[in-house]
Amino acid sequence: MDKRSLTAQYVAADLLASGIAWTLFFLFRKVYLEPLKFQHPVPVELDHRYWLGLVLVPLFWLFLFVSVGGYTDIFRRFRTKELGQTLLISFIGSLVIFFALLLDDTIASPTYYYQSFGVLFLLNFGLLFLFRFLLTSRTVRRVHDRRIGFNTLLVGGNERAIAIHQEIEGLPRSPGNRFVGFVSVNGCDQHLVDSGVPMLGRWTDLRALIPKYKVEEAIIAVESSEHAHISKILNELDGTAVRVKIIPDMYDILAGSVKMTSIFGAPLIEVNPQIMPAWQFSLKRAMDILFSLLALVLLSPVLLVFAILVKLSSPGPVLFSQERIGKFGRPFRIHKFRTMYTDAERNGPQLSSRTDPRITPIGRWLRRTRMDELPQFWNVLIGDMSLVGPRPERQYFIDAIVKTAPHYRHLHKVRPGITSWGQVKFGYAENVEQMVRRLKYDILYIENMSLAVDLKILAYTVLIIIRGDGK
């Protein structure tokens, strides 16, 4: 079973459970509550309100589960998390339905409201959790039986790597790790070969090996004397979708760094915790779609005027498109209003400066007011970018930056943005050194990501546009 088909089963189960809950609740009102209110039996008719609710209410529950990440990491869900998540979602969803559909009912006493909300909550929670519990239990059982696994790469081939490999492979209930091989750290740690685990290369080959072997998890197994390598290894793994875990020392265990999610698994430190809660990511993406759609529609006359000005200013296309590197290192094409004369980079990739003679007169104003970035609302709408996020760079300059600052790949954990903390605080970089200096602001942004921070950055960006003092 693949992830897509299992996700479809969860979606179908949620729609079915919420549809049954709505039907039972409708019948409960008709058979029990309304006779109490009207003091006479009420005929049970599935009227238009029932059918409208049968369509809209399950879609509402589907939206809630999408918002909190109820369909992410579908093979890694566990029953206690399912219980807590479904309990919270059921309470919030029942509260919204109650206030939206039931609060204006004419009632004989407040007990009517309490009974309505109680039954609505219990029906939704009971059925949603029952269906999800059955699906999750089946998935967990398949993971434990090694019918479902996650391609795992061991970083290091020493005694610690052998020990963790034997421990995981020897567990009666597998945590899901399916070892595809290991990479050497110091060139001498090749003991795992004797255990039947193939050596795939060195740790410097990680970025090439991850897509080749579809690696989903990496376990770093190095000796205490090799800890200097950990930061370099993490830099190689940064910006990928791979889950990174480290075999802890006793100090890490005593310091409370090791958090267990399963009593059957091996003790490991999860290195890349969630940047933001799933519901905030969902809301951030919803804001991106809404604002970019509104911007493209409302600013269409302005976009047309700028397009004409660019066309009249110098020969060449109106839009400038270029390949940039986005989330998880995936390339995409960014779109901007052209601000330079054509063939501006005939001598190779170059960064611009305030006094760059390649910039057209209208291009200089567009850059200062950031109006040249407006076409990027299309990139936001289709999901290549976000309103707020680190500015995307070309691979040529990324290669130059990582020589000085290997942690640059940390930026690839999130979608790049039209504006960023680095852009607001520092502006356009004129050379690689300035790119590295601006990097710290983007790292700070990722480590402090929240919707509140995004709104602050957007507000400062608007001020820069109004003042026309973009650097």
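Everything numeric in this text was worked out from a predicted model, so none of it was measured.

Chemist: Quick question: what am I supposed to make of the sheet that holds strand β3 (residues 199-202) here?
Modeler: To summarise the sheet geometry, strands pair through backbone hydrogen bonds and adopt either a parallel or an antiparallel arrangement. Reading across from one edge, β3-β2-β1-β4-β5-β6 is the order of the six strands in this open sheet, with mixed pairing throughout. On the outer flanks of this sheet lie β3 and β6 (269-270), each paired with one strand and no other. Bridge count for strand β1 (residues 150-155) against strand β2 (residues 177-184) is six bridges, and the pairing is parallel. In the sheet register, Leu153 faces β2, and the bridge partner there is Gly181. With respect to the sheet, helix α5 (residues 159-170) is in contact with β1, β2 and β4 (217-220), its orientation differing from that of β2 by roughly 170°.

Chemist: I'm lost on the pattern of salt bridges in this one. Help?
Modeler: It is possible for side chains bearing opposite charge to pair when their charged atoms get close. Enumeration according to the criterion identifies 15 salt bridges in this entry. One salt bridge in this structure joins Arg132 and Asp14, with 2.9 Å as the shortest N-O distance. Here Arg132 is found in helix α4 (residues 111-144), whereas its partner Asp14 is found in helix α1 (residues 3-38), with 118 residues between them in sequence. Among the ionic pairs, Glu82 bridges to Arg77, the shortest N-O distance being 2.9 Å. Members of the salt-bridge network, linked through shared partners, are Asp14, Arg77, Glu82 and Arg132.

Chemist: Looking at this structure, how should I read a nonpolar patch on the surface?
Modeler: Taken together, the side chains of Leu16, Ile20, Leu24, Leu27, Val31, Tyr32, Val44, Leu46 and Trp51 present a nonpolar region at the surface, about 800 Å² in accessible area. Considering each element in turn, the nonpolar patch owes the most residues, six residues, to α1. Looking at Leu46, the relative accessible area reads 41%, which means it is partly exposed.

Chemist: Just checking my understanding: could you explain the nonpolar core for this structure?
Modeler: The nonpolar side chains of a soluble globular protein tend to be buried, and buried together. The biggest cluster of nonpolar side chains holds 39 residues, and the ones touching the most others in it are Phe337, Leu366, Leu374, Tyr408 and Tyr445. Those elements that place two or more of their residues in this core are α10 (300-313), β8 (331-337), α11 (361-369), α12 (376-381), β9 (386-388), α13 (395-404), α15 (432-447) and α16 (451-467). Residue contributions to this core peak at five residues, all from α15. Not counting residues within four places of it along the chain, the set of residues in contact with Leu374 comprises Leu299, Leu303, Phe306 and Phe337. Tyr10, Tyr50, Ile74 and Phe75 belong to the second largest nonpolar core, which has 26 residues in total.

Chemist: How should the packing of α13 against α15 be read in this particular structure?
Modeler: The geometry of a pair of packed helices is captured by two quantities: the angle between their axes and the separation between those axes. Where α13 contacts α15, the two axes come as close as 10 Å, and the packing angle between them is 65°. One way to sum up the angle between α13 and α15 is to call them roughly perpendicular. For the element pair α13 and α15, the recorded crossing hand is right-handed. Mapping the contact onto sequence places Phe397, Ala400, Ile401 and Thr404 in α13 and Val432, Met435 and Val436 in α15. Among the residues making up the contact of α13 with α15, the classes are represented as six nonpolar, one polar and no charged.

Chemist: Teacher, can you tell me more about helix α2 (residues 48-67) here?
Modeler: Structural remark: α-helix, 3.6 residues per turn; residues separated by three or four positions point the same way. Between the first and last C-alpha of α2 there are 29 Å, a value that for 20 residues agrees with the 28 Å anticipated at 1.5 Å per step. Within α2, the axis deviates most sharply at Leu54, by approximately 30°, and proline Pro58 lies no more than four positions further along. All of the buried residues in α2 are Tyr50, Gly53, Val57, Pro58, Trp61, Leu62, Leu64, Phe65 and Ser67. The opening residue of α2, the one whose side-chain oxygen lies 3.1 Å from the backbone nitrogen of Arg49, is Asp47. Positive phi shows up at Gly69, right after α2, with a value of about 80°.

Chemist: Help me understand the pairing of strand β7 (residues 319-325) in this model?
Modeler: Side-chain positions along a regular strand alternate between the two faces of the sheet. Where β7 lies against β8, seven bridges are found, and the strand directions are antiparallel. Residue pairing across strands places Phe320 opposite Lys336, the latter belonging to β8. In textbook terms, the turn of a hairpin is the stretch between consecutive antiparallel strands, and for β7 and β8 this stretch comprises five residues, one of which, Phe328, has a positive phi near 60°.

Chemist: Mind showing me how you'd approach the environment of Arg324 here?
Modeler: Along the chain, Arg324 turns up in strand β7. Along the chain, Arg324 and Asp384 lie 60 residues apart, while their C-alpha atoms are 10.0 Å from each other. Among the polar contacts listed, one links the side chain of Arg324 to the side chain of Gln322, at a separation of 2.9 Å.

Chemist: Explain the packing of aromatic side chains here, please?
Modeler: The relative placement of two aromatic rings is captured by the distance of their centres and the angle of their planes. A full pass over the atoms with the stated rule returns 16 aromatic pairs. Considering the side-chain rings of Phe98 and Phe117, the 5.8 Å spacing of their centres and the 80° angle between planes classify their relative orientation as edge-to-face. With a gap of 19 residues between them, Phe98 in helix α3 (residues 79-102) and Phe117 in helix α4 connect regions that are remote in the sequence. With respect to class, Phe98 is no different from Phe117; both count as buried. A centroid spacing of 5.8 Å and a plane angle of 10° characterise the contact between Phe125 and Phe129, whose relative ring orientation is stacked. Of this pair, Phe125 and Phe129 both sit in helix α4, separated by four residues, roughly a single helical turn. Classification of Phe129 as buried rests on a relative accessible area of 19%. Here a set of aromatic residues connected by ring pairs shows up, and it is made of Phe91, Phe98, Phe99, Phe117, Phe121, Phe125, Phe129 and Phe133. Stacked on the ring of Phe150, the Lys or Arg Arg76 has its end atom at 3.9 Å from the ring centre. Against the face of Phe65 rests Arg132, its NZ or CZ located 4.2 Å from the ring centre.

Definitions and cut-offs
- Residues numbered from 1 in each chain as written.
- Predicted model: local features only at pLDDT ≥ 70, side-chain atom pairs only at ≥ 80, totals over all residues.
- Heavy atoms only, no water.
- Pairing = 2+ DSSP bridges.
- Helix = DSSP H or I, 4+ residues; strand = E, 2+ residues; numbered from the N terminus.
- Contact = heavy atoms within 4.5 Å.
- Axes fitted to C-alpha atoms, helices over the stretch in contact; angles between N-to-C directions.
- Salt bridge = Lys/Arg side-chain N within 4 Å of Asp/Glu carboxyl O.
- Patch = residues over 30% accessible without salt bridge, like charges linked within 9 Å, V, L, I, M, F, W, Y side chains within 5 Å.
- Areas by Shrake-Rupley, 256 points an atom, 1.4 Å probe, with all protein chains shown as cover.
- Buried < 20%, exposed > 50% of the residue type's maximum accessible area, 1.4 Å probe, protein only.
- Core = buried A, V, L, I, M, F, W, Y, C linked by side-chain atoms within 4.5 Å.
- Parallel < 35°, antiparallel > 145°, perpendicular 65-115°, else oblique.
- Left-handed = near helix turned anticlockwise from the far one by under 90°.
- Nonpolar A, V, L, I, M, F, W, Y, C, P; charged D, E, K, R; others polar.
- Expected span 1.5 Å × (residues − 1).
- Bend = angle between axes of the 7 residues up to and from the residue.
- Polar contact = N/O pair within 3.5 Å; in protein donor to acceptor, adjacent residues only side chain to side chain.
- Phe/Tyr/Trp six-rings, centres within 6.5 Å; stacked < 30°, edge-to-face > 60°.
- Lys NZ or Arg CZ within 6 Å of the ring centre and 35° of its normal.

Structural measurements only, silent on function.
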